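As a plain string of letters, each chain reads:
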Number of protein chains: 2
Amino acid sequence: MMESIGKQAMLELAITLPPRGSGAVMRVLHRELRSAILDGRLKPGLRLPSTRILADSWGVSRNTVMGAYDLLLSEGYLFARHGAGTYVAEALPIRADRVAVPDEPNKEPDRRLSEFWQSPPRYLLKPWASTAPSNMLFRLGVPDTASFPYHIWRRLLARSLRSLAKQPAAYVEAEGRPALREAIANHVSFARAVACNSDDVVVTAGTQQAFDLLAKILVTPGKTTVAIEDPGYAPVRGAFLAVGAKIAPVPVDADGVIVDRIPADTKIICVTPSHQFPVGVAMSMRRRAELLEFARANDAVIIEDDYDGEFRFGTTPRDALQTLDRAGSVFYVGTFSKSLFPGIRLGFVVCPPWAKRTLCAAKQVTDWHQPVLEQDALAAFISEGHMARHVRKMRKLYAERRELMMTGLQTHFGAWLDPVPAAGGMHLTAFGREPLDFDAIARSARQRNMDVRSLRALSASGECQPGLVLGYGATSPDGITEGLLQLRRLFPATGPTKYARGGARSLVA
Amino acid sequence: MMESIGKQAMLELAITLPPRGSGAVMRVLHRELRSAILDGRLKPGLRLPSTRILADSWGVSRNTVMGAYDLLLSEGYLFARHGAGTYVAEALPIRADRVAVPDEPNKEPDRRLSEFWQSPPRYLLKPWASTAPSNMLFRLGVPDTASFPYHIWRRLLARSLRSLAKQPAAYVEAEGRPALREAIANHVSFARAVACNSDDVVVTAGTQQAFDLLAKILVTPGKTTVAIEDPGYAPVRGAFLAVGAKIAPVPVDADGVIVDRIPADTKIICVTPSHQFPVGVAMSMRRRAELLEFARANDAVIIEDDYDGEFRFGTTPRDALQTLDRAGSVFYVGTFSKSLFPGIRLGFVVCPPWAKRTLCAAKQVTDWHQPVLEQDALAAFISEGHMARHVRKMRKLYAERRELMMTGLQTHFGAWLDPVPAAGGMHLTAFGREPLDFDAIARSARQRNMDVRSLRALSASGECQPGLVLGYGATSPDGITEGLLQLRRLFPATGPTKYARGGARSLVA
């Protein structure tokens, strides 16, 4: 009943294969055979030559041909008869045509979306990742990973995998693997004097998920007011907006967020006390005390985002809000995107005991738990000292880059820019002097492959002092020198006739 | 000014070290030295012996001692003077005392939580992961990973890591890596005849995050009604409850969800058409047509959860709802937790074009993107045919186990249980005959290390027919035989005098 196709006929299919030894051969072979079946060159019911014969004919390994056959078998293009060879399937899977409903930005929003997502803030729809191609100078918020010990990471991943392979399949604890929570608790207890033990730690998919989960458990849609630093980090605003919170932007000065400007009905206050994003100031001790008192008196909570706390230079850091707090008001949020690499997607919340069970439940219902392998590898990376070693190395490197940035900005931009001396991190902010248009300068810089941001673009109210924000974490010393030179060309050759008001003290207009 | 401590004095610290060669030595050494500093045995300002001398004295490698020193340096317990040795720090980090606010289940909920999380459904607070210890028989929802090709996975991870190490640090696309979306689109196009291309795919942290993201973009809190199968999968109910949706449990019969019972104002319908969870029936073609028509006529959407679609046996599966749909109403959700392993936390949504941009934005604001390494490894695992091969192997294995289960249940439990013949998956449901108390039987079974569920416990309304649900994915053939024997002892020795009503047709009370 069934027809066979011979070796010669198969060879006439004119399949061109890439060089032997690459995994690509199998993929091409699979694609070509599939096309041949779909366009009828290989007819339903046809018996195919054996993998051995084809491998010889095409000069590829037999495993390669078997791989392609296996894939086609599983996809329903071929079927096998035990001991009787491989055949083209009689009834082929049919791809239905797509209903063409193009997603036009200016189209009326689809009524099937939630009210919020029918008209969300524009920056939520814009992809964050592509805003700074990886070859740009002064990229904001990304570390240098060129000297990350990837070989150690590979070894630790392989070890975790060996251990995983020995255990029965299982979903694990929503709050994170015990060894990782222990390692994180030790890390922040000592590196940041954050008072906690492993029971207080919940592992998250980076800082962004920490915000999302906290928004989930703390915000009653349409009711809860959240205070956000202005200028500040837009994604945290996004996380709270998306769950229906009311947002109150609160201005920042040289002492950090201005506590007197926080609306009285605020229930959540998001701050970056050790290194205000983007301005770079550290919150003064007086402000810290005021903020904690506000939270205590108003039954509010504080979300302390310590996004680059590891990278402070020289000076002893001020105590974390979490350390100073006596009312269980503070959620301390940290990330490994800066100290390791962004692709790892691991961060954590140090959580007051009253909220721990709820935060775990929110994590569980959101995505159950973080991937096991990377959690286990990270636990070993920290507890075996690799993390501490890497951070110490990077701290030196970032300190040098910061020095280069400060000197460069002071030397060549002194007439126009007033850099904020920050004690750490991977970016610098410089206040700008009027009448220059710093939005326009930032736009021109981006056209010249520099990820320079206008300070005002990072403000929700648009009311902060003008200036520029420049990352240096992922820009080499040569890149910094070259970049500042290029940037200088976007400024007038001579300085302004008289200095406009300046300095961090008068940051808010 | 500075005092030194000699080798002998250090040895008197009585540090006991584990056997050489394990990473544990360094950790113990670190802990012991830290304790010695904290309890004053090593005094502030003391100069420590060189790492070489200590390594010799303790009979450990010099790297081990250096690792411990590095860690203590980074934690602030030691400080180094260039070329002048290592000293105990003068000012030690101080751990503040915890504010004791124990998390008592019966305590008044904290007012700082959102209204929903002040009294959430109990099953959201209960940890899902620990409900079935990994040595239990008949565990529900977990695959057998004993024959997963971990060596291939390790190789692909290492390859992805090498490639990552060559690139500058970057956050990547919220919707998932292009190669992975391409691989997933091919996989579902052919394996499940789901009509899509890579642009329609959004990568998620497993099925649970798919539900969470869809809940986010589709539910207006307090307004949107969501229909959920009853009995059904509780975590999907949880995801929608947590964002403020109104839940409508809809009964299931032998044809799948009863479309006539879906409330008219329903905007989202969550179904498991290829293998209803937990009952195991496949939705009939007539029901599929009715359901699609309901969605079209009511401007509603359907979430099609194909949680174990890869593991069907023998019969050709019915077309997915996504394939049959002509109104762009269907979100098709898949996972790799069953086909690979649960710890991987990767799943996906095939999304109608009108919702794609919004779904990406929701993913971005929720946790930005999935970890890069595992995405890249999975792309290769699928496109190089390893996935298809593994699935085919497991399909055989699960088919054998299902056969063993069916035969065992029919032979030994025929008087009491009426197993639902399901064409695939990794679990079986058997309707039970009154007057037996199947809740009590399930409880007894769990005490005897069997993860047997009462069907009624998986029903939100509690109104479904009694019965038992047994997983066999992660239970060996011997385990199945032994387990069924043990389970039989929990049933009366002889059958009931006459048969109660039975069969899937009358599933709903």
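Residues numbered from 1 in each chain as written. Chains lettered and ligands numbered in written order. Predicted model: local features only at pLDDT ≥ 70, side-chain atom pairs only at ≥ 80, totals over all residues. Heavy atoms only, no water.

Draft legend 1. Inspection of the overall build of chain A at higher detail. Helix and strand counts for chain A come out as 17 helices and 15 strands. In chain A, which comprises 509 residues, the share counted as buried stands at 60%. Put simply, of all contacts in chain A between residues at least 6 apart along the chain, 72% involve residues at least 24 apart. Working note: accessible area of chain A is about 19400 Å², and carbon and sulfur atoms make up 52% of it. (Helix = DSSP H or I, 4+ residues; strand = E, 2+ residues; numbered from the N terminus. Buried < 20%, exposed > 50% of the residue type's maximum accessible area, 1.4 Å probe, protein only. Contact = heavy atoms within 4.5 Å. Areas by Shrake-Rupley, 256 points an atom, 1.4 Å probe, with all protein chains shown as cover.)

Draft legend 2. Structural detail: the relation of the copies chain A and chain B. Rotating chain A by 180° about the axis while translating it 0.1 Å along that axis superimposes it on chain B, leaving an RMSD of 0.2 Å. Taken together, these values place the two copies in the relation of a two-fold axis. Looking at the rotation axis and the C-alpha trace of chain A, the residue lying nearest is Pro221 of chain A, at 3.5 Å. Interface overlap between copies: 100% of the residues of chain A at the interface are likewise at the interface in chain B, consistent with a symmetric, same-surface contact. (Least-squares fit on C-alpha atoms with pLDDT ≥ 70 in both.)

Draft legend 3. Region of the structure containing the packing of aromatic side chains. Residue and element names in this part refer to chain A. Enumeration over the complete set of coordinates arrives at 38 aromatic pairs over all chains. By way of ring pairs, the aromatic residues Phe148, Tyr150, Trp153, Phe341 and Phe381 are connected into one cluster. Positioned above the aromatic ring of Phe413 is the side chain of Arg488, whose terminal nitrogen or guanidinium carbon lies 5.9 Å from the ring centre. (Phe/Tyr/Trp six-rings, centres within 6.5 Å; stacked < 30°, edge-to-face > 60°. Lys NZ or Arg CZ within 6 Å of the ring centre and 35° of its normal.)

Draft legend 4. How the structure looks around the interface of chain A and chain B. Taken residue by residue, the interface counts 122 residues in chain A and 122 residues in chain B. Contact between chain A and chain B buries roughly 11100 Å² in total, counting both sides, with carbon and sulfur atoms accounting for 59%. Ranking the residues of chain A by area buried against chain B places Arg112, Phe190 and Trp354 of chain A at the top, with a combined share of 8%. Two residues, Arg392 of chain A and Asp70 of chain B, come together in a salt bridge whose shortest N-O distance is 2.4 Å. Broken down by class, the residue content of the side of chain A that touches chain B amounts to 65 nonpolar, 26 polar and 31 charged. (Buried area = accessible area lost by both parts, 1.4 Å probe. Salt bridge = Lys/Arg side-chain N within 4 Å of Asp/Glu carboxyl O. Nonpolar A, V, L, I, M, F, W, Y, C, P; charged D, E, K, R; others polar.)

Draft legend 5. Representation of the packing of helix 15 (residues 386–413) of chain B against helix 17 (residues 477–488) of chain B in the model. Residue and element names in this part refer to chain B. Contact geometry of helix 15 with helix 17 gives a least axis separation of 10 Å together with a crossing angle of 20°. Here helix 15 lies roughly parallel to helix 17, going by the angle between them. Crossing hand, helix 15 versus helix 17: right-handed. Every residue of helix 17 that contacts helix 15 at Arg401, Leu404, Met405, Gly408, Leu409, His412 and Phe413 is listed here: Pro477, Ile480, Thr481, Leu484, Leu487 and Arg488. Each residue belonging to the contact of helix 15 with helix 17 can be placed in one class, and the counts come to eight nonpolar, three polar and two charged. (Axes fitted to C-alpha atoms, helices over the stretch in contact; angles between N-to-C directions. Parallel < 35°, antiparallel > 145°, perpendicular 65-115°, else oblique. Left-handed = near helix turned anticlockwise from the far one by under 90°.)

Draft legend 6. Just the side chain of His187 of chain A, in detail. Residues and elements named next belong to chain A. Positionally, His187 belongs in helix 8 (residues 178–191). Judged by relative accessible area, which is 13%, His187 ranks as buried. A polar side-chain atom of His187 sits 3.4 Å from a polar atom in the side chain of Glu310. Excluding residues that lie within four positions of it along the chain, His187 makes contacts with Arg192, Glu310, Ile382 and Met387. (Polar contact = N/O pair within 3.5 Å; in protein donor to acceptor, adjacent residues only side chain to side chain.)

Draft legend 7. Just unusual backbone geometry, in detail. With an omega of 0°, the peptide bond running from Phe277 of chain A to Pro278 of chain A counts as cis. The topology assignment puts Pro278 of chain A in the loop between strand 8 (266–271) and helix 11 (285–298). With a phi angle near 70°, Trp368 of chain B is a residue other than glycine that sits in the positive phi range. Following the sequence through the fold, Trp368 of chain B ends up in the loop between helix 13 (353–367) and helix 14 (372–383). What makes Trp368 of chain B buried here is its relative accessible area of 9%. In this model, Asn449 of chain B sits at a positive phi of 70°, which is unusual for a non-glycine residue. Take Asn449 of chain B: it is sitting in the loop between helix 16 (438–447) and strand 14 (453–454).

Draft legend 8. Broad picture of the confidence of the model for chain A. Residue and element names in this part refer to chain A. Per-chain confidence: chain A averages 87 in pLDDT, with 87% of residues scoring 70 or above. This model gives residues 93–103 a pLDDT under 50, and the stretch forms 29 contacts once residues within four places in sequence are excluded. In this model, residues 498–509 is a region of pLDDT below 50 whose contacts with residues beyond four sequence positions or in other chains number 30 contacts. With a pTM of 0.80, the predicted complex shows an ipTM of 0.79. (pLDDT = per-residue confidence, 0-100.)

Draft legend 9. Region of interest: the sheet that holds strand 6 (residues 246–253) of chain B. All names here are of chain B. Spatially, the eight strands line up as an open sheet ordered 4-11-10-9-8-5-6-7, and their pairing is mixed. Strand pairing shows two members of the sheet lacking a second neighbour, strand 4 (201–204) and strand 7 (256–257), which therefore form its edges. The sheet contact formed by strand 8 (residues 266–271) and strand 9 (residues 301–305) spans four bridges and is parallel. Bridging across to strand 9, Cys270 finds its partner in Ile303. Helix 8 (residues 178–191) rests against strand 4, strand 10 (330–335) and strand 11 (347–350) of the sheet, and its axis sits at about 110° to strand 4. (Pairing = 2+ DSSP bridges.)

Draft legend 10. Molecular detail of the domain arrangement of chain A. Segmentation of chain A into domains returns domain 1 (3–88) and domain 2 (148–388). The straight-line distance from the C-alpha centre of domain 1 of chain A to that of domain 2 of chain A is 52 Å. (Domains from an automatic or database assignment.)

Draft legend 11. Spotlight on the packing of helix 8 of chain B against helix 14 of chain B. Residue and element names in this part refer to chain B. Remark: helix 8 packs on helix 14, axes separated minimally by 8 Å, with the N-to-C direction vectors making an angle of 35°. Seen along the crossing, helix 8 lies across helix 14 with a hand that is left-handed. Contacts between helix 8 and helix 14 involve Ala179, Leu180, Ala183, Ile184 and His187 from the first element and Gln375, Leu378, Ala379 and Ile382 from the second.

Draft legend 12. Representation of helix 9 (residues 206–218) of chain A within the structure. For helix 9 of chain A, which comprises 13 residues, the first-to-last C-alpha distance of 19 Å matches the rise-based estimate of 18 Å (1.5 Å per residue) to within 8%. Of all the 13 residues making up helix 9 of chain A, 13 are buried; the element is thus mostly covered by neighbouring parts of the structure. (Expected span 1.5 Å × (residues − 1).)

Draft legend 13. Expanded view of the nonpolar core. Residues Trp153 of chain A together with Trp153 and Leu487 of chain B are the most contacted members of the largest nonpolar core, which totals 133 residues. Setting aside its immediate chain neighbours within four residues, Trp153 of chain B contacts Leu161 and Leu373 of chain A together with Phe148, Leu340, Phe341, Ile344, Glu374, Ala377, Leu378 and Phe381 of chain B. (Core = buried A, V, L, I, M, F, W, Y, C linked by side-chain atoms within 4.5 Å.)

Draft legend 14. Spatial organisation of the pattern of salt bridges. Counted under the stated rule, the structure contains 36 salt bridges over all chains. The salt bridge partner of Glu290 of chain A is Arg287 of chain A, with a shortest N-O separation of 3.9 Å. One end of the pair is Glu290 of chain A and the other is Arg287 of chain A, both in helix 11 and three residues apart, which spans about a single turn. Overall, the relative accessible area of 25% leaves Glu290 of chain A in the partly exposed class. Across the pair Arg453 of chain B and Asp451 of chain B runs a salt bridge whose closest N-O atoms are separated by 2.9 Å. With relative accessibility at 21%, the residue Arg453 of chain B sits in the partly exposed group. For Asp451 of chain B, a relative accessible area of 0% translates into the label buried.

Draft legend 15. Main features of helix 16 of chain B. All names here are of chain B. Within helix 16 the residues assigned to the buried category are Phe438, Ile441, Ala442 and Ala445. Angular distribution of buried residues about the axis of helix 16 spans 100°; they occupy a single face of the element. Turned more than 90 degrees off the buried face of helix 16, the exposed positions are Arg443 and Gln447. Here the buried face of helix 16 lies against strand 12 (417–419), strand 13 (427–432), strand 14, strand 15 (467–471) and helix 17. Where helix 16 begins, one side-chain oxygen reaches toward the backbone nitrogen of Asp439, 3.1 Å away; that side chain belongs to Asp437. (Arc of directions from axis to C-beta.)

Draft legend 16. Region of the structure containing the environment of Ala295 of chain A. All names here are of chain A. Along the polypeptide, Ala295 turns up in helix 11. For Ala295 and Thr266, which are 29 residues apart along the polypeptide, the C-alpha to C-alpha distance reads 8.9 Å. If sequence neighbours within four positions are ignored, Ala295 has contacts with Ala300, Ile302 and Ser329.

Draft legend 17. Layout of the sheet that holds strand 2 (residues 78–81) of chain B. Residue and element names in this part refer to chain B. Read across the sheet, three strands follow the order 1-3-2 without closing on themselves; strand pairing throughout is antiparallel. Whereas interior strands pair on both sides, the edge strands pair on one side only; in this sheet they are strand 1 (47–48) and strand 2. Two strands pair when backbone bridges link them, and strand 1 and strand 3 (residues 85–88) are joined in this way by two bridges, in the antiparallel orientation. Within strand 3, the residue paired with Arg47 across the bridge is Tyr87.

Draft legend 18. Structural detail: the pairing of strand 6 of chain B. Residue and element names in this part refer to chain B. Sheet topology places strand 5 (residues 225–230) next to strand 6; six bridges connect them, and they run parallel. Bridge pairing in strand 6 links Asp230 to Pro251. Read from strand 5 through helix 10 (residues 234–242) to strand 6, the crossover connection turns out right-handed. The loop that links strand 6 with its antiparallel partner strand 7 comprises two residues. (Right-handed = clockwise from strand over helix to strand, strands pointing away.)

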